[in-house]
Amino acid sequence: MNATHLTLHTAPDGVAPGTGYTHVVTGAGRLVAVSGQVALDADGDLVGAGDPAAQARQVFENLRRCLAAAGAAFTDVVKLTYYVTDTAHLPAIRAARDARVDVTRPPASTAVQVAALFRPDLLLEVEAWALVGGEAR
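Summarised in this report is the structure supplied together with it.

So, on to helix α2 (residues 90-98). Those residues of α2 that fall on the buried side of the exposure criterion are L90, I93, A96 and R97. Along the long axis of α2, the arc covered by the buried residues comes to 120°, so they all point the same way. The inward-facing, buried residues of α2 abut α1 (52-69), β4 (77-84), β5 (108-113) and β6 (124-132).

Here it is in structure tokens:
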């Protein structure tokens with residue numbers, strides 16, 4: 001699995017380049033949708049109470065495991081969606097993301113601040129979309 005089957009359009013005509021994300025990612029292959037992951041470990045216990053960096057690291061580890069279960073990796077991810085309870089957590093989330101993705105070929109992404117997640121101790125939730133296999137377009 002590698003990102004060669006994906007084409008990134010970082011700055012389409014008339015659109016300012018993004019910082020740390022790609023505006024458009026295209027490709028062919030098998031679609032993998034990963035539900036939003038939160039900072040719960042394999043036993044369902046919270047990792048990093050009140051610590052956005054620790055929670056983000058756990059979230060990205062959970063995403064890695066889910067992608068692997070589908071035969072995918074972060075190099076196959078075309079889109080990440082972040083739900084955060086406070087946009088002040090974004091630097092910690094980006095650091096955890098940057099430890100996993102190729103920062104020279106970042107996926108498309110959206111960040112949304114929400115009033116709350118399904119548990120009050122959760123600070124973020126991240127979902128992923130990936131394309132596995134296929135040819136470059």
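Our focus in this paragraph is the sheet that holds strand β3 (residues 30-37). Strand order in the open sheet formed by four strands is β3-β6-β4-β5, with mixed pairing between adjacent strands. Both edges of this open sheet fall to β3 and β5, since each of them pairs with a single strand only. Neighbour-to-neighbour, the strand axes of the sheet open up by a mean angle of 10°, direction not taken into account. As defined by bridge partners, β3 adjoins β6 across six bridges and the pair is classed as antiparallel. Note that in β6 the partner of R30 across the bridge is V132. Those strands touched by α2 are β4, β5 and β6, and its axis lies near 150° from that of β4.

Rules used throughout
- Residues numbered from 1 in each chain as written.
- Predicted model: local features only at pLDDT ≥ 70, side-chain atom pairs only at ≥ 80, totals over all residues.
- Heavy atoms only, no water.
- Buried < 20%, exposed > 50% of the residue type's maximum accessible area, 1.4 Å probe, protein only.
- Helix = DSSP H or I, 4+ residues; strand = E, 2+ residues; numbered from the N terminus.
- Arc of directions from axis to C-beta.
- Contact = heavy atoms within 4.5 Å.
- Pairing = 2+ DSSP bridges.
- Axes fitted to C-alpha atoms, helices over the stretch in contact; angles between N-to-C directions.

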